[in-house]
Amino acid sequence: MLEIHAQWDDEARVWVATSEDVPGLVTEATSMSALVERLKVVIPALMELNCGVTGQAFPFHITGERSAVAEAA
């Protein structure tokens, strides 16, 4: 299973995905659901382009990270 790391970019207001398992992967989307759909297209393309791997499924797991501040009233 491919491990994908997603981090929220507060300034750009998008999730940014990277992975050591998928060479060249850097993609973004405005929601986690949109990111999953984008990864379904991008991962096979990058695996073919950068690794020569075609004709197979690429299961992946996303770990998301987002920071926030809670302020007292």
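Shown above is the structure to which this text applies.
Residues numbered from 1 in each chain as written. Predicted model: local features only at pLDDT ≥ 70, side-chain atom pairs only at ≥ 80, totals over all residues. Heavy atoms only, no water.

Caption draft 1: Structural view of the environment of Thr30. Checked against the element boundaries, Thr30 lands in the loop between strand 3 (26–29) and helix 1 (32–51). It is 6.6 Å that separates the C-alpha atoms of Thr30 and Arg13, two residues lying 17 residues apart in sequence. Here Thr30 is in contact with Trp8, Arg13, Val14 and Trp15, once residues within four sequence places are set aside. (Helix = DSSP H or I, 4+ residues; strand = E, 2+ residues; numbered from the N terminus. Contact = heavy atoms within 4.5 Å.)

Caption draft 2: Just the side chain of Ser19, in detail. Mapped onto the secondary structure, Ser19 falls in the loop between strand 2 (14–18) and strand 3. Side-chain polar atoms of Ser19 contact the backbone nitrogen of Asp21, separated by 2.9 Å. A distance of 3.4 Å separates the side chain of Ser19 from the backbone nitrogen of Val22, its partner in a polar contact. For Ser19, the residues in contact, after removing those within four places along its chain, are Glu3, Ile4 and Leu25. (Polar contact = N/O pair within 3.5 Å; in protein donor to acceptor, adjacent residues only side chain to side chain.)

Caption draft 3: Here's a closer look at the nonpolar core. Membership of the largest hydrophobic core comes to 16 residues, with the highest contact counts inside it found for Ile4, Val22, Leu25, Leu35, Leu39 and Ile43. Listed by contribution, the elements that provide at least two residues to this core are strand 1 (2–9), strand 2 and helix 1. Sorting elements by how many residues they give to this core places helix 1 first, with 6 residues. Not counting chain neighbours up to four residues away, the residues in contact with Val22 comprise Leu2, Ile4, Ile43, Leu46 and Met47. (Core = buried A, V, L, I, M, F, W, Y, C linked by side-chain atoms within 4.5 Å. Buried < 20%, exposed > 50% of the residue type's maximum accessible area, 1.4 Å probe, protein only.)

Caption draft 4: Representation of the sheet that holds strand 3 in the model. Strand order in the open sheet formed by 4 strands is 3-2-1-4, and the pairing between neighbours is mixed. Strand pairing shows two members of the sheet lacking a second neighbour, strand 3 and strand 4 (60–65), which therefore form its edges. When strand polarity is set aside, the average angle formed by the axes of neighbouring strands in this sheet is 25 degrees. Sheet topology places strand 1 next to strand 2; 5 bridges connect them, and they run antiparallel. Bridge pairing in strand 2 links Trp8 to Trp15. (Pairing = 2+ DSSP bridges. Axes fitted to C-alpha atoms, helices over the stretch in contact; angles between N-to-C directions.)

Caption draft 5: Expanded view of the side chain of Thr27. Relative to the assigned elements, Thr27 resides in strand 3. Polar contacts involving the side chain of Thr27 include one to the side chain of Arg38, which spans 2.4 Å. For Thr27, the residues in contact, after removing those within four places along its chain, are Trp15, Val16, Ala17, Leu35, Arg38, Leu39 and Val42.

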